[in-house]
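Coordinates in review
This is what each chain is made of:
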Amino acid sequence: MDKLRNMILRKTVYDIRHSGYLKRCNVTLAKPLSELFNYPKSKFKFFAKNQTGLFGIHELISFEGFYTLKERTQIECDDFVNEICNPNRKRNLVTIFDQLSNSLCCLADMAEFIRTAHSDKSFIAASEDCCISINTIVERLNTNKDLYTSLKQVITDGDKYLMTEEDRHVCELFLFDFELNGIHLEEKKRQYVVDLNNFILITGQQFMIAAEKPRVVDRTGLPDVLLKEYSSIVDKLIVGHPSSQSEDPILREVAFKVFYSSNAESEQLLDNLLECRHKLALTCGFPSYAHRALKNSIAENPIFVMEFLDTLNTELRTRSVIDYKTMKKANNNNTVSPWDVQYLTNRIKQNHLKYAMIDYASYFSLGDCMEGLNMIFNQLYDINLLFEDIKPGEGWDERIYKLAVTHRTEGLLGYIYCDFFERTGKLHNDSHYVIKGGRQLSDDSYQNPIVVVMLNVVWRENNGPVLLHPGSVENLFHEFGHAIHSMLGRTRYQHVNGTRCATDLAEFPSVLMEYYATQPQVIKHYAKHYKTRQPIPEDMLKKLCSSKCLFAASEMQLQLFYSVLDQYYHTRPLQTLSTTDLLGKLQVEYYGLPHIKNTVKHIGM
Ligand SMILES: [Zn+2]
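Residues numbered from 1 in each chain as written. Predicted model: local features only at pLDDT ≥ 70, side-chain atom pairs only at ≥ 80, totals over all residues. Heavy atoms only, no water.

- UniProt annotates the protein chain under Sequence similarities (unreviewed entry) with the comment "Belongs to the peptidase M3 family." (UniProt positions renumbered as here; feature names shortened; annotations may be inferred.)

**Quick word on the overall build of the protein chain**
- Across its full length, the protein chain holds 24 helices and 10 strands.
- In terms of overall dimensions, the protein chain has a C-alpha envelope of 75 × 70 × 50 Å along the principal axes.
- Here the protein chain holds 605 residues, and the buried ones make up 48% of them.
- Long-range pairs, those at least 24 residues apart, make up 70% of the contacts in the protein chain with a sequence separation of at least 6.
- Surface accessibility of the protein chain: about 30,300 Å² in total, with carbon and sulfur atoms responsible for 54%. (Helix = DSSP H or I, 4+ residues; strand = E, 2+ residues; numbered from the N terminus. Buried < 20%, exposed > 50% of the residue type's maximum accessible area, 1.4 Å probe, protein only. Contact = heavy atoms within 4.5 Å. Areas by Shrake-Rupley, 256 points an atom, 1.4 Å probe, with all protein chains shown as cover.)

**Points about the domain arrangement of the protein chain**
- Partitioning the protein chain into structural domains gives domain 1 (2-42 + 362-544), domain 2 (55-187), domain 3 (213-287) and domain 4 (291-334 + 552-603).
- The C-alpha-based centres of domain 2 and domain 3 are spaced at 41 Å. (Domains from an automatic or database assignment.)

**Observations regarding the environment of Tyr39**
- With respect to the helices and strands, the residue Tyr39 is situated in the loop between helix H3 (33-38) and helix H4 (65-85).
- Spatially, the C-alpha atom of Tyr39 lies 52 Å from that of Leu147, the residues being 108 residues apart in sequence.
- The residues touching Tyr39, leaving out its near neighbours within four places in the chain, are Trp459, Gly464 and Pro465.

**Some details on a nonpolar patch on the surface**
- Together, Ile298, Leu380, Tyr381, Leu488, Leu505, Phe508 and Leu512 make up an exposed nonpolar region whose accessible area comes to about 590 Å².
- When residues of the nonpolar patch are traced back to their parent elements, those giving at least two are helix H17 (366-381) and helix H20 (508-516). (Patch = residues over 30% accessible without salt bridge, like charges linked within 9 Å, V, L, I, M, F, W, Y side chains within 5 Å. Salt bridge = Lys/Arg side-chain N within 4 Å of Asp/Glu carboxyl O.)

**Considering the sheet that holds strand S1 (residues 215-218)**
- Judged by pairing direction, the sheet is antiparallel, and its three strands sit side by side in the order S1-S3-S2 without closing on themselves. Strand pairing shows two members of the sheet lacking a second neighbour, S1 and strand S2 (232-233), which therefore form its edges.
- As defined by bridge partners, S1 adjoins strand S3 (residues 236-239) across four bridges and the pair is classed as antiparallel. By the bridge assignment for S3, Asp218 is matched with Lys236. (Pairing = 2+ DSSP bridges.)

**Observations concerning the side chain of Asn38**
- Along the polypeptide, Asn38 turns up in helix H3.
- A distance of 3.5 Å separates the side chain of Asn38 from the backbone nitrogen of Leu366, its partner in a polar contact.
- Polar side-chain contacts of Asn38 include one of 2.6 Å to the backbone nitrogen of Gly367.
- Setting aside residues no more than four positions away along its own chain, Asn38 makes contact with Ser365, Leu366, Gly367, Asp368, Trp459, Gly464, Pro465 and Val466. (Polar contact = N/O pair within 3.5 Å; in protein donor to acceptor, adjacent residues only side chain to side chain.)

**Some words on the pattern of salt bridges**
- Under the counting rule described, the total for this entry stands at 28 salt bridges.
- The partner of Arg91 in a salt bridge is Glu83, and the shortest N-O contact between them spans 2.8 Å.
- Residue Arg91 is classed as partly exposed on the basis of its relative accessible area, which comes to 27%.
- By relative accessible area, Glu83 is classed as partly exposed at 22%.
- The closest approach of N and O atoms between Arg115 and Glu112, which form a salt bridge, is 2.8 Å. Taken together, the residues span about one helical turn, with Arg115 and Glu112 both in helix H5 (residues 93-117) at a distance of three residues.
- The exposure class of Arg115 is partly exposed, given its relative accessible area of 29%.
- Relative accessible area serves as the criterion here: at 34%, Glu112 is assigned to the partly exposed category.

**Digging into the sheet that holds strand S6 (residues 411-421)**
- With mixed pairing, five strands are arranged side by side in an open sheet as S4-S5-S6-S10-S7. Of all the strands in the sheet, just strand S4 (383-388) and strand S7 (431-436) have a single pairing partner and so form its edges. For this sheet, the mean angle separating the axes of adjacent strands, direction not counted, is 30°.
- In this sheet, strand S10 (residues 450-457) lies alongside S7 in antiparallel orientation, the contact comprising five bridges. Each bridged residue has a counterpart across the sheet, and for Tyr433 the counterpart in S10 is Val452. (Axes fitted to C-alpha atoms, helices over the stretch in contact; angles between N-to-C directions.)

**Thoughts on the nonpolar core**
- By size, the foremost hydrophobic cluster in this structure holds 53 residues, and its most contacted members are Phe55, Phe66, Met110, Phe113, Ile114, Trp396 and Tyr417.
- Where this core is concerned, the elements lending two or more residues are H4, H5, helix H6 (121-142), helix H7 (145-157), helix H8 (165-180), S6 and S10.
- The leading source of residues in this core is H5, at 12 residues.
- Three or more residues apiece are contributed to this core by two domains, here domain 1 (2-42 + 362-544) and domain 2 (55-187).
- Every residue in contact with Tyr417, bar those within four places of it in the chain, is listed here: Phe55, Ile390, Glu394, Trp396, Ile400, Tyr401, Lys402, Ile450, Val451, Val452 and Val453.
- If you look at the next biggest cluster of nonpolar residues, it comprises 51 residues, including Phe364, Ile376, Val405 and Val434. (Core = buried A, V, L, I, M, F, W, Y, C linked by side-chain atoms within 4.5 Å.)

Given below as structure tokens:
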């Protein structure tokens, strides 16, 4: 493996000395990633004079730029629409459609991101306004019959310009998006589809809000252990979480039963949602909502999905029984109930690890993990992550880092902006955002992709370097799997670029990267103690990697059960069985623990 490291070093030196790209851009060569990410400095003022705009977009020096960009996009879109509908057009239809989609996505995706990530109110308001305007344009385009007819005609009769297999596929995807909104239906039905879509959107939001709401219950008759744990208002107790990590089994049990107790409001919302989704699918010509959702996915249709889930169920059954036996043993041979699972598995995993989490974190400084990612990408794809100075005004907060992704022979492939640190008002989900998708340009050059990787690392300046817990390392690797997919999926059309592929394929590169975060052969090359620079000891490494396999079967079985439930809810109309009765029935077949009467964990959060 030392040989391997030398190869990385040689390649890095080669890149620094010979890449033409590096001469053109402002790459900081002296500092390795580890130093930059371990001690993040807030040196980038984002309101300095003579600055560049957000993401290097000149107009976005000030929030007013969003208004300029909005107007320009509107004019561009009108031009593309006219070109598409012109019988004497001079270009391939799908190319114009992709350009139209590119204009809208470049602004909509960026504005959507800035709306949630920027800390300045003027930028938030301007980007919000921009999102609303783009949505209005999109809605208008979605109901433009001329656009739809042009596309349909090209698919039926072929384009008058050369049309490859790839062109046809992308054309069909555009057509499918149109038909999702019912454009191909007679006016009355089309309006019905629009109404159903709006109803589904609102009901979905109401369902999510209801699921997150704490339970407010009468204090009378509740056990002391519950009354002590949660706060009260007058004679009501507010149960905001299920206490699943509590050491007290009685508290776990009663909190579970109260927090997940049957909830007429949520059940009604779920019924309404499923009913409307089913009506929507039937109106659009699909046998069920699942058929509609799975079209254009790798899985293709609900029959294949259920075949896969049933095979997985058979494979998991005996393995998960072993997991539940392990839990039972740790539970003093008492029966394991649903409220025990999280507590027991966590406790067993912690005992297995033997060392405290902070001991593990000492070997996973953020900088070393970034070097690890760079090493893996270098070995797998011949690419390097190079730190590039962010200019004043280019970022949306003070601690934003920019990485240029460069290939050894092909040069610059795109940019990854890193927004890693927690701040007030920031969304809590670790995520990957596409700001600009890649696509082939008419002069044979390539529109390089721009993405953001967002994490929520907690770090205080006087705490030493940024250290990650093993779970956060996996998240970092997962999100970088998405980011590199966006960089390497260099398709001709941005409509299918990188993570814009089939949704069930999109998680593959990210999950693959998680495996690299848990492989001893890989970890030992970058996990070094931040003080001593010693590699992670063999014993810790073994414990860490083997802990990933603990309860893998029972945890996967839970996900399998949710998937089956999802399939059943969306494959057929609910007739005699309620969502909760169906849950109880399926739980027997697809999960290792029985359903607890009068609880609805599937519609809680
Ligand atoms: Zn993902």
